[in-house]
Amino acid sequence: MTTVETSIFESLESEVRSYSRNWPSVFESASGAWIRDEGGREYLDFFAGAGALNYGHNNPVMKQALIDYIAGDGITHGLDMSTVAKREFLKSFQRNILEPRGLDYKVQFPGPTGTNSVEAALKLARKATGRESIINFTNAFHGMTLGALSVTGNSMKRAGAGVPLVHATPMPFDNYFGGVTEDFQWFERVLDDSGSGLNRPAAVIVETVQGEGGVNVARPEWLRALADLCQRRDILLIVDDVQMGCGRTGPFFSFEVAGITPDIVTLSKSIGGYGLPMALTLFKPELDLWAPGEHNGTFRGNNPAFVTATAALDHYWADDALHKSTLAKGERISQIFSNLAQTFDGVSTRGRGMVQGLVFADPGMAVKVCGIAFDEGLLAETSGPSDEVVKLLPPLTITEAELDHGLSILAEATAKVFA
């Protein structure tokens, strides 16, 4: 590239860009678990589009379905019109996902982003209950639009709103106090105390694994207790499965391990299969109180995403092979990370399935590990309030050899920062 071609990103693109600063390369092509820059250098991708590419880059199953659909002049933009592509997706989703799990949900297509799915969920909860307040959790991340941001914990992201973020109250996530305080003691106390100042909430919104918050994993028993509390208090339970759904933790929905049935579920990122924008808001039929057009969006009918989503569901979710493979690969990552934690002081690990975190007591080390890994040909990002966690989100379809290759790079990078 010429200097002018390289500098266009700095001279014309906004300062808000972030990933391009951590990975200073110009990428050109990608396939499976690999992404290539225009100079031909290959990088193993342990980032997978922040969880939007669970099936890898340019997955051939979805690519062929997409090519055939475009070549046949299939509908691209359809708002919420009935189309063949949408019908096939709904049938596949019902056949492969809802019916095998005994789930009775209505399906809403909000705007095609995770934050829009969360906005729809919050609006619907308030409409259904007639209440305003939402309970969220410490270190939560639910999106960057104002409603979703109001239930997000990160102070930097919240400050970007520029206005007060109201009608939401944070509660401690599982193990926030290191086991010193009984689960939900504070929550139940303020619900019962007429002097607490807490408005009766419409809903609780929770991630079963907080990805952006630092790979904080909620125990199944904690999730069951939360679901029970919500049911007893007539509070709706929203599970945000935008990043942890679509098989990231093993089962299709991350809450399956707890045996709970949320009132509302948000999905985006990998639901489109191919990385195309798509989102769903699922809810129990009795909550389907929307008036026509009460929550809409110009791009809620992204039909090419329906096509690739259908191909993904039919290929990967007609049986439990991917589920089992994800758990096995997750165990492999956890084993390597546990070895690193035992070898180096101030290092620990946590995660579920194929979202795993290597946690550093010194936050600067996580950033250094990711920097060294990039230099050695691996993409991995940090997360947590102080970027103290190296967070892994490899494609679920990654081979064992590729996984071991990437883990060896991370192990060597960790050794270097402690040298």
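Conventions adopted
- Every residue gets a number counted from 1 within its own chain, in the order that chain's sequence is written.
- Residue-level local features of this predicted model are given only where pLDDT is at least 70; pairs of side-chain atoms are given and counted only at 80 or more, and the full residue set underlies all totals for whole chains, interfaces and linings.
- Computation of side-chain values covers all heavy atoms of the structure but excludes hydrogens and water.
- Think of it this way: DSSP has to see at least two bridges between two strands before they count as a pair.
- Counting from the N terminus, the helices are the DSSP runs of H or I reaching at least four residues and the strands are the DSSP runs of E reaching at least two.
- To obtain an axis, a line is fitted to C-alpha atoms, over the contacting stretch when the element is a helix, and the angle between two such axes runs from 0 to 180 degrees between their N-to-C directions.
- Under the scheme applied here, a residue whose accessible area is under 20% of the maximum for its type counts as buried, over 50% as exposed, and between as partly exposed, the area being computed with a 1.4 Å probe on protein chains only.
- Contact between two residues is taken to exist if any of their heavy atoms lie within 4.5 Å; hydrogens are not considered.
- Working rule for handedness: look at the near helix, and if it is turned counterclockwise from the far one by less than a right angle, call the crossing left-handed; if clockwise, right-handed.
- Only Asp, Glu, Lys and Arg are considered charged, only Ala, Val, Leu, Ile, Met, Phe, Trp, Tyr, Cys and Pro nonpolar, and every remaining residue, Gly among them, polar.
- A side-chain nitrogen of Lys or Arg and a carboxyl oxygen of Asp or Glu constitute a salt bridge if their distance falls within 4 Å.
- The aromatic pairing rule takes the rings of Phe, Tyr and Trp, using the six-membered ring of Trp, and pairs them if the centres are within 6.5 Å, calling planes under 30 degrees apart stacked, those over 60 edge-to-face and the rest tilted.
- An automatic or database domain assignment provides the domain bounds reported here.
- Simply put, the buried area is the total loss of 1.4 Å probe accessible area from both parts when two parts are fitted together.

## As for the sheet that holds strand β7 (residues 203–206)
Inference 1: Across the sheet, which stays open at both edges, the seven strands sit in the order β4-β12-β11-β10-β7-β5-β6 with mixed pairing between neighbours. One side of each edge strand has no neighbouring strand; the edge strands of this open sheet are β4 (106–108) and β6 (168–171). Within the sheet, the average angular offset between the axes of one strand and its neighbour, ignoring direction, is 20°.
Inference 2: One ladder, built from four bridges, connects strand β5 (residues 134–137) with β6; its direction is parallel. In the sheet register, Ile134 faces β6, and the bridge partner there is Ala168.

## Side note on the environment of Tyr69
Inference 1: Checked against the element boundaries, Tyr69 lands in helix α4 (residues 60–71).
Inference 2: Here Tyr69 falls in the buried class, since its relative accessible area comes to 18%.
Inference 3: In this structure the C-alpha to C-alpha distance between Tyr69 and Ile398, which are 329 residues apart in sequence, comes to 26 Å.
Inference 4: The contact partners of Tyr69, leaving out residues within four places of it in the chain, are Gly74, Ile75, Ala85, Asn303, Pro304 and Val307.

## Some thoughts on unusual backbone geometry
Where the residue is not glycine, phi is negative for most of them; where a peptide bond is considered, it is trans in most cases.
Inference 1: In the Ramachandran plot, Asp73 falls in the positive-phi region, its phi being about 60° despite a non-glycine side chain.
Inference 2: If you trace the backbone, Asp73 turns up in the loop between α4 and α5 (84–98).
Inference 3: We classify Asp73 as exposed; its relative accessible area is 70%.
Inference 4: Phi at Cys246 takes a positive value of approximately 55°, unusual for a residue other than glycine.
Inference 5: Along the chain, the position of Cys246 falls in the loop between β10 (236–240) and β11 (264–267).
Inference 6: Overall, the relative accessible area of 1% leaves Cys246 in the buried class.

## Structural notes on the packing of α4 against helix α11 (residues 303–316)
Inference 1: Close contact between α4 and α11 brings their axes to 9 Å; oriented N to C, the two are set at 145°. Relative to α11, the crossing made by α4 is right-handed. Along the contact surface, α4 presents Val61, Met62, Ala65, Leu66 and Tyr69, while α11 presents Asn303, Pro304, Val307, Thr308, Ala311, Ala312, His315 and Tyr316.
Inference 2: Grouping the amino acids of the contact of α4 with α11 by side-chain chemistry returns 10 nonpolar, three polar and no charged.

## A look at the pattern of salt bridges
A side chain of one charge can pair with a side chain of the opposite charge if their charged atoms are brought near each other.
Inference 1: In the structure shown here, the tally under the stated rule is 22 salt bridges.
Inference 2: When the shortest N-O distance is used, the salt bridge between Arg95 and Asp314 registers 2.9 Å. Taken together, the residues span a long stretch of sequence, with Arg95 in helix α5 and Asp314 in helix α11 at a distance of 219 residues.
Inference 3: In this structure Arg95 comes out as partly exposed when scored by relative accessible area, which is 45%.

## Section: the sheet that holds strand β2 (residues 34–37)
Inference 1: Overall, mixed pairing links the four strands, which are arranged β1-β2-β3-β15 in an open sheet. Looking at the sheet topology across the chains shown, the edges are occupied by β1 (27–31) and β15 (378–379).
Inference 2: Strand direction decides the pairing type here: β1 and β2, joined by four bridges, are antiparallel. Looking across to β2, one finds that Ser29 is bridged to Arg36.

## Observations regarding the environment of Met156
Inference 1: Summarising the element assignment, Met156 is placed in helix α8 (residues 155–159).
Inference 2: On the basis of relative accessibility, which here comes to 59%, the residue Met156 falls in the exposed class.
Inference 3: For the pair Met156 and Gly357, spaced 201 residues apart in the sequence, the C-alpha separation amounts to 22 Å.

## Notes on the packing of aromatic side chains
Inference 1: Throughout the structure, instances matching the rule amount to 21 aromatic pairs.
Inference 2: Note on Phe137 and Trp222: the rings are 5.3 Å apart at their centroids and 65° apart in plane angle, and the pair reads as edge-to-face. Pair noted here: Phe137 is in strand β5 and Trp222 is in helix α10 (residues 220–232), with a separation of 85 residues, a long-range link.
Inference 3: The class of Trp222 is buried, set by a relative accessible area of 2%.
Inference 4: Among the aromatic residues, those joined into a cluster by ring pairs are Phe89, Phe93, Phe109, Phe252, Phe253, Phe255, Phe306 and Trp317.

## Here we look at the domain arrangement of the chain
Inference 1: Looking at the assigned domains, one finds that the chain contains domain 1 (7–59 + 320–418) and domain 2 (74–316).
Inference 2: The gap between the C-alpha centroids of domain 1 and domain 2 is 25 Å.
Inference 3: Across the boundary between the two partners, domain 1 contributes 33 residues, which contact 28 residues of domain 2.
Inference 4: Note on domain 1 versus domain 2: buried area summed over both sides is about 2500 Å², and carbon and sulfur give 50% of it.
Inference 5: Broken down residue by residue, the surface that domain 1 buries against domain 2 is led by Tyr55, Arg352 and Val355, which jointly contribute 29%.

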